[in-house]
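Below are the chains, spelled out letter by letter.
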Amino acid sequence: MESRMKLNMFDDYWIDFRPDTIRRWFAPTPFSQIKKTLGYGSIVCDKKLGVYRLYYEVAVSLENNGVRNLYMIESTDLKSFSEPLLVYEGDGGVHGMTVFLDDHDPDPARRYKLCGMTRLISRRKDPEARKRMEVELGFSADGKAFVCDHTWLITAHTSDSDNNIFYNPIFEEYNLLHRSAYVDRRIAVKTSKDLKQWSDPHIVLQPSPVYGSDGFQTQQYGMVANYFDGIFYGLLWQYRTIMTNTDWRKMAGVIEPELVYSYDGHEFLHTSGKTLIERPEAPQPGCAGICPFGMVESLDGEYYYLYLGTKSVPHATDKEVAVLVKNITEQNYEFS
């Protein structure tokens, strides 16, 4: 009987002991484009319903870009999509929100899970509360309307990036990839067996000297991970900032995606160390950043689809973004 197991030989040790084995790296090819202004997002393939679902944040305003609402669009082919559906407002806005389809939870009311920061409008008014905006869990049976009662706390620290929760079948636990502290741009993981009690954060990836050798200071803005065919695929956000910028927050920079991997979901390794998708020339979408929101296997099991957000303006503060976007739109540039 033919095995359908895919053997992805990232590891040099494997290759050394397999004569005549050649490793090749493949780059994703464009499939479709959605022209929307969005924040963080997620992609879900619901095989029970035969649909793909794309979740994405929409800013309340350009001047208040950090406060957002969560929307969803649906498709059977990832080319044509339904009208946007508002699925969660977060009791005053969300940030860093992701959605996870969980087939391991026995409770059908928790089949869909969302994870991120909520109540943003009230909390952003207080400088101290802004540093303590908890990452929480919310739930939905159908993925169309979520409830978060603010009792499912994962971490008490602000994680203003993509907060990616997934099930780890190796350890039979849930993992959260996040930032362990305010503006600490490294990749940390927290673990839980029951979604209530969570471990302390553990750093799984951080920049090495090689990433400061090209005139940029590289930080790791965030990462999403998915488990397929015995391997955890990580899509890392490499954040290139200007080395001479002495502001500790490093708010100005561009984002480039990189493929990393793990055998256990706790320790991640680099692959080629190269950018997965090169940024195009300005003013094309993606010229200032390509942000991976997730990856799913296609409904027929033949492909992997990557959900990527593109930036046409550099990462910056809310006020700087508002000015940049205003200037771009006045020049009739198209961005998504």
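As shown above, the structure is provided for reference.
Keep in mind that what you see is a predicted model, and the values were worked out from it rather than measured. (Residues numbered from 1 in each chain as written. Predicted model: local features only at pLDDT ≥ 70, side-chain atom pairs only at ≥ 80, totals over all residues. Heavy atoms only, no water.)

Asks: Break down the environment of Glu258 for me, with residues and values.
Replies: Looking at the secondary structure, you find Glu258 in strand E15 (residues 253–262). For Glu258, a relative accessible area of 2% gives the class buried. Among the polar contacts listed, one links the side chain of Glu258 to the side chain of Gln238, at a separation of 3.0 Å. (Helix = DSSP H or I, 4+ residues; strand = E, 2+ residues; numbered from the N terminus. Buried < 20%, exposed > 50% of the residue type's maximum accessible area, 1.4 Å probe, protein only. Polar contact = N/O pair within 3.5 Å; in protein donor to acceptor, adjacent residues only side chain to side chain.)

Asks: Could you give an account of the pattern of salt bridges, naming the residues involved and the relevant values?
Replies: Taken as a whole and assessed by the stated rule, the structure comprises 13 salt bridges. Between Asp103 and Arg111 there is a salt bridge, and its shortest N-O distance comes to 3.6 Å. Accessibility expressed as a relative area gives 54% for Asp103, which makes it exposed. With a relative accessible area of 14%, Arg111 lands in the buried category. (Salt bridge = Lys/Arg side-chain N within 4 Å of Asp/Glu carboxyl O.)

Asks: Tell me about the sheet that holds strand E8 (residues 153–155), and name the residues and values.
Replies: Pairing is antiparallel in the open sheet, where 4 strands are placed in the order E5-E6-E7-E8. At either end of the open sheet lies a strand with only one pairing partner, and these are strand E5 (95–101) and E8. Each strand of the sheet is rotated relative to its neighbour by a mean of 25 degrees, with strand direction disregarded. Pairing between strand E7 (residues 135–140) and E8: 2 bridges, direction antiparallel. Of the residues in E8, the one forming a bridge with Glu136 is Leu153. (Pairing = 2+ DSSP bridges. Axes fitted to C-alpha atoms, helices over the stretch in contact; angles between N-to-C directions.)

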